[in-house]
2 protein chains.
Amino acid sequence: MKLLKVDTLESALDKLETAMREGGAGEPEREYVPVLQSLGRIASEDVLSCEDIPGFDRSTMDGYAVISRDTQGAGETMPTFLELAGEVKMGEKPEFSLTSGQCAYVPTGGMVPEGADAVAMVEYCQPFGDDRIAVYSPLSSGHNMVRAGDDVSRGEKLISRGRRIRPSDMGLLSAAGKTEIKVYKPWKIYIISTGDEIVPPEVMPLPGQVRDVNSAGILGEALACGFEIRGLEVVRDRQDVLADKVRSAMSECDVVVISGGSSQGKKDATEAVIDSLTSSGAFTHGLAVKPGKPTIIGFDEPTECAVIGLPGHPVAALLLFRLIVAGIWKRLTGLAETEKEISVDAVMASNIAASPGRKTFQLVKLDYEHIDLKTGLPQAVPVLGKSGLIRTMSAADGYVVMDVNDEGLRSGERVKVCLL
Amino acid sequence: MKLLKVDTLESALDKLETAMREGGAGEPEREYVPVLQSLGRIASEDVLSCEDIPGFDRSTMDGYAVISRDTQGAGETMPTFLELAGEVKMGEKPEFSLTSGQCAYVPTGGMVPEGADAVAMVEYCQPFGDDRIAVYSPLSSGHNMVRAGDDVSRGEKLISRGRRIRPSDMGLLSAAGKTEIKVYKPWKIYIISTGDEIVPPEVMPLPGQVRDVNSAGILGEALACGFEIRGLEVVRDRQDVLADKVRSAMSECDVVVISGGSSQGKKDATEAVIDSLTSSGAFTHGLAVKPGKPTIIGFDEPTECAVIGLPGHPVAALLLFRLIVAGIWKRLTGLAETEKEISVDAVMASNIAASPGRKTFQLVKLDYEHIDLKTGLPQAVPVLGKSGLIRTMSAADGYVVMDVNDEGLRSGERVKVCLL
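Worth saying up front: this structure is predicted, and the values here are computed from it rather than measured. (Residues numbered from 1 in each chain as written. Chains lettered and ligands numbered in written order. Predicted model: local features only at pLDDT ≥ 70, side-chain atom pairs only at ≥ 80, totals over all residues. Heavy atoms only, no water.)

Things to note about the pairing of strand 25 (residues 379–382) of chain B
On any regular strand, side chains alternate: one points to one face of the sheet, the next to the other face.
Residue and element names in this part refer to chain B.
Thinking step 1. In the sheet, strand 22 (residues 343–348) pairs with strand 25 via two bridges, with the strands oriented parallel. Each residue of the ladder has a partner; that of Val 347, found in strand 25, is Gln 379.
Thinking step 2. With four bridges connecting them, strand 24 (residues 359–367) and strand 25 associate as antiparallel partners. Opposite Val 364, over in strand 25, you have Pro 382 as the bridge partner. (Pairing = 2+ DSSP bridges. Helix = DSSP H or I, 4+ residues; strand = E, 2+ residues; numbered from the N terminus.)

So this is what it looks like as structure tokens:
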């Protein structure tokens, strides 16, 4: 029974990464996209700034640019009187500079004139006549202004390779005059559900038939990775039919996933298809993971295509897609290094047994209404139900992981919840 | 000085919500989309199942369907022998039923024949001849199978109004035969940056000029909400020019945001424009929020358009977009009720002062490498820098919030970090 030679999750990922790197598919292709279309894309190289940002000393308040030394000793009852030397216009370089005893009006965002090193807020100033300003507060150097290069200095790294672009990054790139950014091209993926009992969602199942749950769920997970969906199909669980479909999908895709058809049933053809169609053969014949044991992995060098057989049970299929397909994408793009896996600290609301010898993933809901009194943390309430029940995953907020050697989690035990 | 009559964040949102509801823009429009294109969309009504899922008792293992009572007392040295009554074919309803003393082969996902109430895994069974099976383990009723309706029963709610659709929801909807779902139509939004010092990102700024940071950042935030971008423009800080642009944008959009031009500088025209172009007039003239005080809000009934003046400082602009625009979207779609604001418990790495009388938002990085020893939580390291520096927001993982009456946070104090 081949399925007993299972890999750990980590060794399966290592094997797949090695096969892809050695087979020429180590780093996804790259492309330039406009910054305005880069949200959620993954930077494929470091981006450095060619300029100082801002390019000049800039006021952060409406007020009067001053020489801070002049304001020493100023106070509510004893203002410093300064000569108004001019007014800075927005977006223009002032044509004057300040010397001791002088000040100049500057609006928020305006250029602080040469000589000045601080800005007194209008609220702390009072004009006397047309050409004198009383300043009622002492200022330290740099107050109410940012200096040239304070935001970003020339040559500084704006974005690291592997960074998933956020709105603020789009702002930062724009600030530096970047209108395009080099990102990884999304993988092309083909999604196949197999099983003679499976009918497409739009079909009313006959007794003994069920609708295809996995295709839509996996498509959602693939879209969340940014992948390009090249096809979505229910294929009969017959080796020749499945092989034809997988072969043609491999020729145009980076990844083909097949869900179902990888347990030990008499008709399951997925393992044989992956084994025969990939140059590596199937190198992972099952995972020490619960749920998700019947996971099959191979890589084909000529087509540079990974073929992944996911379990048929929907929860297992979606979870393993994340762990294997999204997992290897994150490794190869560098996303795994730049992005912390955000987890929420919580406390188990009840006991949960681990599955001996397997890394166990338990779906949980986070209960913020019944905070654990001792720790102040939310409770993690196990969402129970077999992995064939998609409802459980839809109802869960995340999952907790028990390691191969763990016996389980006790009620009240502190856990980290990975978010779905 | 109008800016001193500031609203709290909550009262500003309440005012805007009331104005929009009373002005006929309370609930966004709705549309049907295919389930396969529904990722991230927000359900605009509850979705109920019209069927039991699965529609029949279903095996979760390759094995033998049995009557559990027959296996009582079975063990490794003392198997129960059962007559093999037939084999269930995938996707078909078996034409036989079981009576006491009988069993039938059933593959994973196959229909459990009438009469049977459990499935013995193949691993615990041994064929004897062609028509007898030895079962080496006792089974309880329901073992290794799911019953009709176990996943979802007819009439049960699959999706709640206000739910943001996840991959598993797409699977769940497919399981129930739903191929379309009614969701909220994205708002149409127009993004304007104003300020005479602002040039578009592709232009090399002259001394005194800076590139437009806010448009790209706000566009990113708007895309993250799923909004449709109708325009993006830098407009001069002159009331007549700005008013023309805002008026035409209002006629085709649900929301117009203008960043910059809302402090007290001499040329700032945003407040006057919002005041004059909305039927409500500007009803919020500033927020007791730091950063983000110069935020102006109005709503126009005839065009059903909200006009929001955001601060010019990029960090403040992006933060206030989230708090006000995304905030009101979440309220009106019901997302605010269905989705917990996920926050990460952490411990402050250093002291931070609050701004008296204002709700203070402090950007932080999460440090998982220097876990707080007493609590086991990550540290929240303040990302310091004025709100004019977009770099600080790009570098942060999230923010902590100090309430109006808080004096600040002490090093070592427990905090909740809202993720960016």
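A closer look at the domain arrangement of chain A
When the parts come together, some accessible area is lost, and that loss is often what is quoted as the size of the interface.
Residue and element names in this part refer to chain A.
Thinking step 1. Parsing chain A into structural domains produces domain 1 (2–29 + 186–338), domain 2 (33–53 + 152–184), domain 3 (58–146) and domain 4 (343–419).
Thinking step 2. A C-alpha centroid distance of 33 Å is found between domain 1 and domain 2.
Thinking step 3. Where domain 1 abuts domain 2, roughly 820 Å² becomes buried across the two surfaces, and 54% of that area is made up of carbon and sulfur atoms.
Thinking step 4. On the domain 1 side of the interface with domain 2, the three residues burying the most area are Thr 333, Leu 335 and Thr 338, jointly 47% of the side's total.
Thinking step 5. Seen at the junction of domain 1 and domain 2, the total is one salt bridge.
Thinking step 6. Among the ionic pairs, Arg 161 bridges to Glu 27, the shortest N-O distance being 3.7 Å.
Thinking step 7. Within the residue set of the side of domain 1 that touches domain 2, elements represented by two or more residues are helix 6 (314–333) and helix 7 (335–338).
Thinking step 8. In terms of residues, the side of domain 1 that touches domain 2 owes the most to one element, helix 6, which gives four residues.
Thinking step 9. Here the residues of the side of domain 1 that touches domain 2 are counted per class, giving five nonpolar, three polar and three charged. (Domains from an automatic or database assignment. Buried area = accessible area lost by both parts, 1.4 Å probe. Salt bridge = Lys/Arg side-chain N within 4 Å of Asp/Glu carboxyl O. Nonpolar A, V, L, I, M, F, W, Y, C, P; charged D, E, K, R; others polar.)

Quick look at the interface of chain B and chain A
Thinking step 1. Contacts between chain B and chain A engage 89 residues on the former and 90 residues on the latter.
Thinking step 2. Across the chain B to chain A interface the summed buried area is about 7200 Å²; carbon plus sulfur atoms make up 58%.
Thinking step 3. The interface formed by chain B and chain A includes six salt bridges.
Thinking step 4. Only strand 10 (145–146), helix 2 (167–175), strand 15 (210–211), helix 3 (214–224), strand 22, helix 8 (390–395) and strand 28 (414–419) of chain B provide two or more residues apiece to the side of chain B that touches chain A.
Thinking step 5. Here the side of chain B that touches chain A gets eight residues from one element, more than from any other, and that element is helix 2 of chain B.
Thinking step 6. Of the residues belonging to the side of chain B that touches chain A, the class tally is 38 nonpolar, 24 polar and 27 charged. (Contact = heavy atoms within 4.5 Å.)

Quick notes on the sheet that holds strand 20 (residues 296–300) of chain B
Strand-to-strand pairing in sheets goes through backbone hydrogen bonds, with the strands running parallel or antiparallel.
Residue and element names in this part refer to chain B.
Thinking step 1. If you trace the six strands from one edge of the open sheet to the other, you get 16-13-17-21-20-18, paired in mixed fashion. Each of the sheet's edge strands pairs with one partner strand only, and the pair in question is strand 16 (228–235) and strand 18 (282–285). The average undirected angle you get between the axes of adjacent strands in this sheet is 15°.
Thinking step 2. Bridge analysis of strand 17 (residues 255–259) against strand 21 (residues 305–310) gives five bridges, and the strand direction is parallel. Its bridge partner lying in strand 21, Val 256 is registered against Val 307.
Thinking step 3. Where helix 1 (residues 9–22) meets the sheet, it contacts strand 18, strand 20 and strand 21, and its direction lies at approximately 170° from that of strand 18.
Thinking step 4. Here helix 5 (residues 270–277) sits on the sheet and contacts strand 13 (188–194), strand 17, strand 18, strand 20 and strand 21; the angle it forms with strand 20, its principal contact strand, is near 20°. (Axes fitted to C-alpha atoms, helices over the stretch in contact; angles between N-to-C directions.)

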